[in-house]
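# A closer look at the structure
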Amino acid sequence: MSRWASVVAELLAPAGCLYLAEFHPVSFALDDETGSTVTHDYFDEGPEASGGPGTYADEAATTEDNETVEWRHSLSTVVSAIAGARLRIQSLHEHDHTFYLQRQSLERHDGDIDRHPEGAPRIPLTYSIRAEKA
């Protein structure tokens, strides 16, 4: 993450802005069925391999070379990397919704927003950070 943030900072023009919107790492620690039980280690940063046809944008798409390797990072790892690259964090927001049906327990709302069912405890599903190069 530190290397990534350094590259971002290097590529930004003076007063340039980084805007990052991503799945919240706490959402990956929860079970798929209900989204209410911690079943995975929040601090396990991978790598994690997965595979299957399709994409997050179109699960029915015909695709090849379907193995994906991902690394998950805690929110503190991401924030610390951005700050360590000497970018000034202007905002950090956590959101109780996502635009991707990340787990079975989510329900579609307002046409394109996925959330936990009404009455269920709300947890962050995504977050966004805005940082500026000094």
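How each quantity is defined
- Residues numbered from 1 in each chain as written.
- Predicted model: local features only at pLDDT ≥ 70, side-chain atom pairs only at ≥ 80, totals over all residues.
- Heavy atoms only, no water.
- Salt bridge = Lys/Arg side-chain N within 4 Å of Asp/Glu carboxyl O.
- Helix = DSSP H or I, 4+ residues; strand = E, 2+ residues; numbered from the N terminus.
- Buried < 20%, exposed > 50% of the residue type's maximum accessible area, 1.4 Å probe, protein only.
- Core = buried A, V, L, I, M, F, W, Y, C linked by side-chain atoms within 4.5 Å.

## Some details on the pattern of salt bridges
Following the criterion strictly, the structure yields six salt bridges and no others. A salt bridge links Arg72 to Glu48; its shortest N-O distance comes to 2.8 Å. One end of the pair, Arg72, is in the loop between strand 3 (68-70) and helix 2 (75-84); the other, Glu48, is in strand 2 (residues 48-50), and 24 residues separate them in sequence. Note on Arg72: relative accessible area 24%, which makes it partly exposed. Judged by relative accessible area, which is 39%, Glu48 ranks as partly exposed. The network of salt bridges with common partners includes Glu48, Glu70 and Arg72.

## Some details on the nonpolar core
By size, the foremost hydrophobic cluster in this structure holds 15 residues, and its most contacted members are Leu18, Val78, Ile82, Leu87 and Tyr127. When contributions to this core are tallied by element, the ones reaching two or more residues are helix 1 (2-11), strand 1 (17-23), helix 2 and strand 7 (126-133).

## Here we look at unusual backbone geometry
With a phi angle near 65°, Ala15 is a residue other than glycine that sits in the positive phi range. Checked against the element boundaries, Ala15 lands in the loop between helix 1 and strand 1. Notably, Arg86 is not glycine yet its phi reads approximately 65°, a positive angle. With respect to the helices, strands and loops of the structure, Arg86 is situated in the loop between helix 2 and strand 4 (87-95).

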